[in-house]
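Observations on the model geometry
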Amino acid sequence: MKLKPIITLLLGLVLLSACTSQRPRYIIGVSQCSEDIWREKLNAELKMGTYFYEDVELRLASADDSDQKQIEQINQFVADGIDLLIVAPNQAATVSPAIDQAFDKGIPVIVFDRKTNSEKFTAYIGADNYEMGRIMGKYICTQLGGKGRVLEIMGLKGSSPAIDRHNGFMDAMKSCPNITVVASLQGDWTEESAVKAIKAYNGDLSDIDFVFGQNDRMAVGASKALSSLTSHSSPLTSIKYCGIDGLPGKEGGIACVRDSVLEATYIYPTHGDEVMQLAMNILKGKPYQKDNPLMGALVTRDNAKVMQLQNEEIARQSDYLDQLHEQSDDYLHQLDAQRIVTWMAVGIIALLLIAIVLFYRYHLNKVAMQRERVIDTLWNIPREELPAEPEQPEETPETEEEAQKSESAVTSRFLARFKEVVEARMSDSDVSVEDLAADMNLSRVQLYRKVKAVTDSSPVEILRTARLKRAYQLLVTTDKTISEVAYDVGFSAPSYFTKCFKDEFGISPSDL
């Protein structure tokens, strides 16, 4: 391993860190159809979802209930070169062509909350508006005992939630023939629109038993408007109201149910974190579903207090996370000025570590080569070429040269005997150093010391190397499978054998 390419690479990284463009890897445009507390909550969750990704920029825009403004915002997002579009269409028929154009230009599109009039989108995520309308209709039927007069306040004309919630509500009413839907007045999701719709209605609003607002704000607006009317000189105070959204907070639907302003609401989940996760799965090529339904829940006075407390705690924790994130951002901005110095320090440390690793690997390779030379020599010496046992030492002083030859002969005979023992026990995966020592008529400590002194390796290392060399020979010269060879040479698990083989020879057994 040479140092020059590594040094070049590290210097390149330092320069890249200093010259990196500020443009994030992914830019996500979010086109909201309007601006209200439900969408503010969603935007906050989307923003929090980006905390898990360092390379994402979120660009938020609100159309303020204007089709033309939303079309212009979508076109501007496309011109700016966003990587993904998240959109809640104001009115499906009008805004869909602009969304289709973005999709046709290769920009992934996530439609959330509201649907378009075409299939040109990458994924949809949102709750089932039809089902919410149906559930609230069933709830009203139950509360009225199947008999009464009901008023509906609808959301923005032409928007998919208004259409779907109305259809679900009216289908539920079909099961209660004794309940009359007096009128379906047109609002635009705001409290003021419900007040205006009721004041502008010329029909009979007396004896209304229940008002279904397609969202909580319109239900509250209807309550204010109808409370100001009189019937037989008495305020209409016996009417019950319900809505959809179930937002937390002081002015949210859950608090309205808890405080008896509304009888019930239905949580229309925002789940901005899931929207962001879906966006990142699409951008990073991970698996995702095209249709992603979100589950809601009915809130009544029985559970409103508990749910409000839970949401307040969640909001408190979210605020705390936001504070931590802001502090982290401030800290990271302070570190930006030191980026080049930091990278240079990291580069120097990396060079030192590489030098240490190279020296260590050199030492290990040297030791391994010594061990392999000993093993290769030992395992390749024919038995007949090994020095014979001396018959009977003569009682004459040995010269230094004769003593060295005698010691060498003893060492060779010891290694030859050790080779026999290793080869005899090689296929036994349970063999231990104690077993090898016993076969040599030595203690475990004696065997270890002698093998270590002669080969600079432990008996276990010698045994493993011998097994791997035998395995290499079997793989090359026989048709046995890797598992068969592994078991033949004493490995109890083919996977561990493969790892050891690759560590020893630098290739996998399957490469042979």
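It should be emphasised that the depicted structure is a prediction, and the values quoted were computed from it without experimental measurement.

Quick look at the nonpolar core
- Membership of the largest hydrophobic core comes to 44 residues, with the highest contact counts inside it found for I28, L84, I86, I110, I140 and M280.
- Tallying contributions element by element places helix α10 (residues 272-283) first for this core, with seven residues.
- Among all residues touching I140, those that are not within four sequence positions of it are V150, F169, F210, F212 and C242.
- Counting residues in hydrophobic clusters, the runner-up holds 31 residues, among them V182, A194, I198 and A225.

Observations concerning unusual backbone geometry
- Positive phi outside glycine occurs at D65, with the angle close to 65°.
- Despite not being glycine, D207 shows a phi value in the positive range, around 60°.
- Among the structural elements, D207 can be located in the loop between α7 (191-200) and β8 (210-213).

Quick word on helix α2 (residues 37-49)
- Taking 1.5 Å of rise per residue, the 13 residues of α2 would be expected to cover 18 Å, and the 18 Å separating its terminal C-alpha atoms lies within 8% of that figure.
- For α2, the complete set of buried residues consists of W38, R39, L42, N43, E45, L46, M48 and G49.
- Two to three positions downstream of the cap, the backbone nitrogen of W38 sits 3.0 Å from a side-chain oxygen, assigning the N-cap of α2 to D36.

A short note on the pairing of strand β5 (residues 123-127)
- In terms of burial, β5 is largely enclosed, as five of its five residues are buried.
- What you see with β5 is no split at all: A123, I125 and A127 on one side and Y124 and G126 on the other are buried throughout.
- As judged from the three bridges shared by strand β4 (residues 109-112) and β5, these two strands associate in the parallel manner. Paired with V111 across the two strands is Y124, which belongs to β5.

Here's the deal with the pairing of β8
- Residues F210 and F212 point to one face of β8 and V211 and G213 to the other, with burial holding for every one of them.
- Bridging between strand β6 (residues 148-154) and β8 involves four bridges; their strand directions are parallel. Looking at the pairing, V150 lines up with F210 of β8.

Examining the confidence of the model for the chain
- Per-residue pLDDT for the chain has a mean of 84; in total, 80% of the residues score no lower than 70.
- When the elements of the chain are averaged for pLDDT, strand β10 (residues 234-235) gives the smallest value, 48, and β8 the largest, 98.
- Across residues 381-390, confidence stays below pLDDT 50; counting only partners more than four residues off in sequence or on other chains, it has twelve contacts.

Here we look at empty space enclosed by the protein
- Enumeration according to the criterion identifies two cavities of 30 Å³ or more in this entry.
- Size it by volume and the largest cavity reaches roughly 130 Å³.
- Around the largest cavity sit D36, W38, R39, D113, R114, P161, R165, W189, N215, R217, D245 and Y268, which together line it.
- Breaking the lining of the largest cavity down by element, the ones donating at least two residues are α2 and α6 (160-173).
- Tallied by class, residues from the lining of the largest cavity come to four nonpolar, one polar and seven charged.
- Taken as a whole, the second largest cavity holds about 40 Å³ of empty space.
- Every residue along the wall of the second largest cavity is listed here: W38, L42, F112, D113, I125, G126, Y268, P269, T270, V275 and L294.

Observations regarding the pattern of salt bridges
- Following the criterion strictly, the structure yields 23 salt bridges and no others.
- D104 is paired through a salt bridge with K120; the nearest N and O atoms lie 3.1 Å apart. Taken as a pair, D104 in helix α4 (residues 92-104) and K120 in the loop between β4 and β5 lie far apart in primary sequence, 16 residues in all.
- Its relative accessible area of 33% is what places K120 among the partly exposed residues.
- Across the salt bridge formed by E423 and R470, the nearest N and O atoms sit 3.7 Å from each other.

Focus: the packing of α7 against helix α8 (residues 216-228)
- For the pair α7 and α8, interaxial distance at closest approach is 7 Å and the crossing angle is 40°. Considering the angle they form, α7 stands oblique to α8. Note that α7 runs across α8; the crossing there is right-handed. Of the residues in α8, those touching α7 at E191, S193, A194, V195 and I198 are R217, M218, V220, G221, A222, K224, A225 and L226.
- Looking at the contact of α7 with α8, its residues break down into eight nonpolar, two polar and three charged.

With respect to the sheet that holds strand β2 (residues 56-62)
- Sheet architecture is open: six strands sit in the order β2-β1-β3-β4-β5-β13, paired in parallel fashion. If you trace the sheet from one side to the other, it starts and ends with β2 and β13 (291-294), each paired once. With strand direction ignored, the average angle separating the axes of adjacent strands in the sheet is 15°.

Some thoughts on the packing of helix α5 (residues 129-144) against α6
- At a minimum axis separation of 6 Å, α5 and α6 run at an interaxial angle of 35°. As α5 runs across α6, the sense of the crossing is right-handed. Contact residues: α5 offers N129, Y130, M132, G133, R134, G137, K138, I140 and C141, while α6 offers P161, D164, R165, N167, G168, F169, D171, A172 and M173.
- Of the residues assigned to the contact of α5 with α6, the class counts are eight nonpolar, five polar and five charged.

Let's talk about the side chain of D100
- Along the chain, D100 falls in helix α4.
- Buried and without a salt bridge, D100 has K120 as its closest oppositely charged side chain, separated by 5.3 Å.
- Not counting the four nearest positions on each side in its chain, D100 is found in contact with S118 and K120.

What counts and how
- Residues numbered from 1 in each chain as written.
- Predicted model: local features only at pLDDT ≥ 70, side-chain atom pairs only at ≥ 80, totals over all residues.
- Heavy atoms only, no water.
- Core = buried A, V, L, I, M, F, W, Y, C linked by side-chain atoms within 4.5 Å.
- Buried < 20%, exposed > 50% of the residue type's maximum accessible area, 1.4 Å probe, protein only.
- Helix = DSSP H or I, 4+ residues; strand = E, 2+ residues; numbered from the N terminus.
- Contact = heavy atoms within 4.5 Å.
- Expected span 1.5 Å × (residues − 1).
- Polar contact = N/O pair within 3.5 Å; in protein donor to acceptor, adjacent residues only side chain to side chain.
- Pairing = 2+ DSSP bridges.
- pLDDT = per-residue confidence, 0-100.
- 1 Å grid on protein atoms, 1.4 Å probe; cavity = no way out; pocket = protein on both sides within 12 Å on 5 of 7 lines; lining within 4 Å.
- Points joined across faces, edges and corners; volume = space filled by probe spheres on them.
- Nonpolar A, V, L, I, M, F, W, Y, C, P; charged D, E, K, R; others polar.
- Salt bridge = Lys/Arg side-chain N within 4 Å of Asp/Glu carboxyl O.
- Axes fitted to C-alpha atoms, helices over the stretch in contact; angles between N-to-C directions.
- Parallel < 35°, antiparallel > 145°, perpendicular 65-115°, else oblique.
- Left-handed = near helix turned anticlockwise from the far one by under 90°.
- Lys, Arg positive; Asp, Glu negative; His and termini not counted.

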